Amino acid sequence: MDGESGGVRVQRLPEGEGAGALFVVATPIGNLEDMTPRAIRILREVDLIAAEDTRRTRQLLSRFGIRNRLVSHHEHNRRASGRELIRLLEEGRRIALVTDAGTPGVADPGAELIAEAASRNIPVIPVPGPSAALAALVASGLPTDRFLFAGFPPRGSRQLEAFLDGLEAEKGTIVLYEAPHRLQRTLAALAGRWPGRRMALARELTKLHEEIVRGTVAEVAEYAAQHPALGEYCLVLEGAKDRPVPAKSGDPGAPGEDGSARPWWSGLSIAEHVARYERETGDRKEAMRMAAKDRGMARRDVYRALLESREK
């Protein structure tokens, strides 16, 4: 059970009857052979199973001969359902949490329930298994020593731009989820900022029509524009390169290898250059004017370059 040491809470496996626990059970993202023996046992032994989609989970349980009580816990009922599940956990019930596919708590409403249980010293027991994000990452061919899972990009255009601003300096590989009807919009936004970065686009992982497309962001965006978006997608994006960019855009720059001063923007694409100024000024036209001045270009040429980068 849980122990305490100062302000630290230490979780250990629950023991004995009446010891409540929340089991976070990963399930297959496609191929049912990825279901683990431990997951099957836990789903049989718990008092009830909380599922994001009870219809899909019922099919999975039927496949493995699991007959257990099933309740709904999804985006639209998570508050009321969460309160009831916490009450049952505190009464000593053992509950398994599952999502539609993969590991619960990763870009789904189960994260709130897990956080609430942990805050109340209710043991949270992971039952590891499939994860679309990790499967896409390890198959991407991009670095895996440091990575950031950033979930689903926001829907609004301004929110998306702010979201990408926050990722601009991230050096680790970035993993995103995206729905098929928003895929081309997101890829166009990525290509407008980082057309030359490497990326992998993975869909239908472990399923019959599994596909992984690798190339630069611009190349992958062009491929996606020519093929209908089908299935669920993981986007794996190369992180930012090390660049000696000063904190202030007006700084003259770091010295180059030959000892000469190198402009602070020398490692940026035109789109990245404009985006940096736009964040500082809040004015896109002014940002284009300033970038054009830095580069000795006409503003119309900067504008044309931005359009071309979005079209690639």
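Structural notes, computed from the coordinates. Source: prediction; values computed, not measured.

About the criteria used
- Residues numbered from 1 in each chain as written.
- Predicted model: local features only at pLDDT ≥ 70, side-chain atom pairs only at ≥ 80, totals over all residues.
- Heavy atoms only, no water.
- Axes fitted to C-alpha atoms, helices over the stretch in contact; angles between N-to-C directions.
- Helix = DSSP H or I, 4+ residues; strand = E, 2+ residues; numbered from the N terminus.
- Parallel < 35°, antiparallel > 145°, perpendicular 65-115°, else oblique.
- Left-handed = near helix turned anticlockwise from the far one by under 90°.
- Contact = heavy atoms within 4.5 Å.
- Nonpolar A, V, L, I, M, F, W, Y, C, P; charged D, E, K, R; others polar.
- Pairing = 2+ DSSP bridges.
- Buried < 20%, exposed > 50% of the residue type's maximum accessible area, 1.4 Å probe, protein only.
- Phe/Tyr/Trp six-rings, centres within 6.5 Å; stacked < 30°, edge-to-face > 60°.
- Lys NZ or Arg CZ within 6 Å of the ring centre and 35° of its normal.
- Core = buried A, V, L, I, M, F, W, Y, C linked by side-chain atoms within 4.5 Å.

Description of the packing of helix α6 (residues 157-167) against helix α7 (residues 183-193)
Phase 1: Between α6 and α7, the least distance of the axes is 11 Å, while the angle of their chain directions is 50°. Here α7 runs oblique to α6, going by the angle between their axes. Between α6 and α7 lies a crossing whose hand is right-handed. Counting all contacts with α6, which are made through Leu160, Glu161, Leu164 and Asp165, the residues of α7 involved are Arg185, Ala189, Leu190 and Arg193.
Phase 2: Classifying every residue of the contact of α6 with α7 gives 4 nonpolar, no polar and 4 charged.

Observations regarding the sheet that holds strand β9 (residues 173-178)
Phase 1: Taking strand neighbours across the sheet as the criterion, the 5 strands line up as β8-β9-β12-β10-β11 in an open arrangement whose pairing is mixed. A single partner strand is all that each edge strand has here, and the edge strands are β8 (147-151) and β11 (211-216). Between one strand axis and the next, the sheet turns through 15° on average, direction left out of account.
Phase 2: Sheet analysis places β9 next to strand β12 (residues 233-237), joined by 5 bridges and oriented antiparallel. Considered in β12, the bridge of leucine 176 is made with leucine 235.
Phase 3: Strands in contact with α7 are β9, β10 (198-203) and β12; relative to β12, the strand with the most contacts, it is inclined by about 5°.
Phase 4: Against the sheet, helix α8 (residues 217-225) makes contact with β10, β11 and β12, and its axis sits at roughly 135° relative to β11, the strand it touches most.

Here's the deal with unusual backbone geometry
Phase 1: Residues other than glycine seldom take positive phi values, yet alanine 107 does so here, at roughly 55°.
Phase 2: Note on placement: alanine 107 falls in the loop between β6 (94-98) and α4 (110-119).
Phase 3: Looking at alanine 107, the relative accessible area reads 39%, which means it is partly exposed.
Phase 4: Phi is positive for asparagine 121, close to 65°, though the residue is something other than glycine.
Phase 5: Tracing the backbone shows asparagine 121 in the loop between α4 and β7 (124-127).
Phase 6: The exposure class assigned to asparagine 121 is partly exposed, which follows from its relative accessible area of 27%.

Details of the packing of aromatic side chains
What describes a pair of aromatic rings is the distance from one ring centre to the other and the angle between the planes of the rings.
Phase 1: This structure, assessed with the given rule, holds 2 aromatic pairs.
Phase 2: Plain terms: the ring middles of phenylalanine 149 and tyrosine 177 are 4.9 Å apart, the flat faces sit at 70° to each other, and that makes the pair edge-to-face. Of this pair, phenylalanine 149 sits in strand β8 while tyrosine 177 sits in strand β9, placing them 28 residues apart in sequence.
Phase 3: Look at tyrosine 177 and you get buried, because its relative accessible area is 14%.
Phase 4: Of the aromatic side chains, those joined through ring pairs into one cluster are Phe149, Phe152 and Tyr177.
Phase 5: The ring of phenylalanine 64 carries arginine 63 above its face, with NZ or CZ at 5.3 Å from the centroid.
Phase 6: The side chain of arginine 197 reaches across the aromatic face of tryptophan 194, ending 4.3 Å from its centre.

Things to note about the sheet that holds strand β5 (residues 70-72)
Phase 1: The strand order β5-β4-β6-β3-β7 describes an open sheet built from 5 strands, whose pairing is parallel. Across the chains shown, the open sheet's two edge strands, defined by having one partner strand only, are β5 and β7. Across this sheet, the average inter-strand angle for adjacent strands is 25°, counted without regard to direction.
Phase 2: When strand β4 (residues 48-51) meets β6, the two strands line up parallel, connected through 4 bridges. Paired with alanine 51 across the bridge in β6 is valine 98.

Topic: the nonpolar core
Phase 1: Ranked by internal contacts, the top residues of the largest apolar core, which has 22 residues, are Leu164, Leu187, Leu190, Leu201 and Leu235.
Phase 2: Secondary-structure elements contributing two or more residues to this core are α6, β9, α7, β10, α8 and β12.
Phase 3: A per-element tally of this core places α7 first, with 5 residues.
Phase 4: With sequence-adjacent residues up to four places away left out, leucine 187 is seen in contact with Met199, Leu201, Val217, Val220, Ala221, Ala224 and Leu235.
Phase 5: Counting residues in hydrophobic clusters, the runner-up holds 20 residues, among them Met35, Ala39, Val46 and Leu61.

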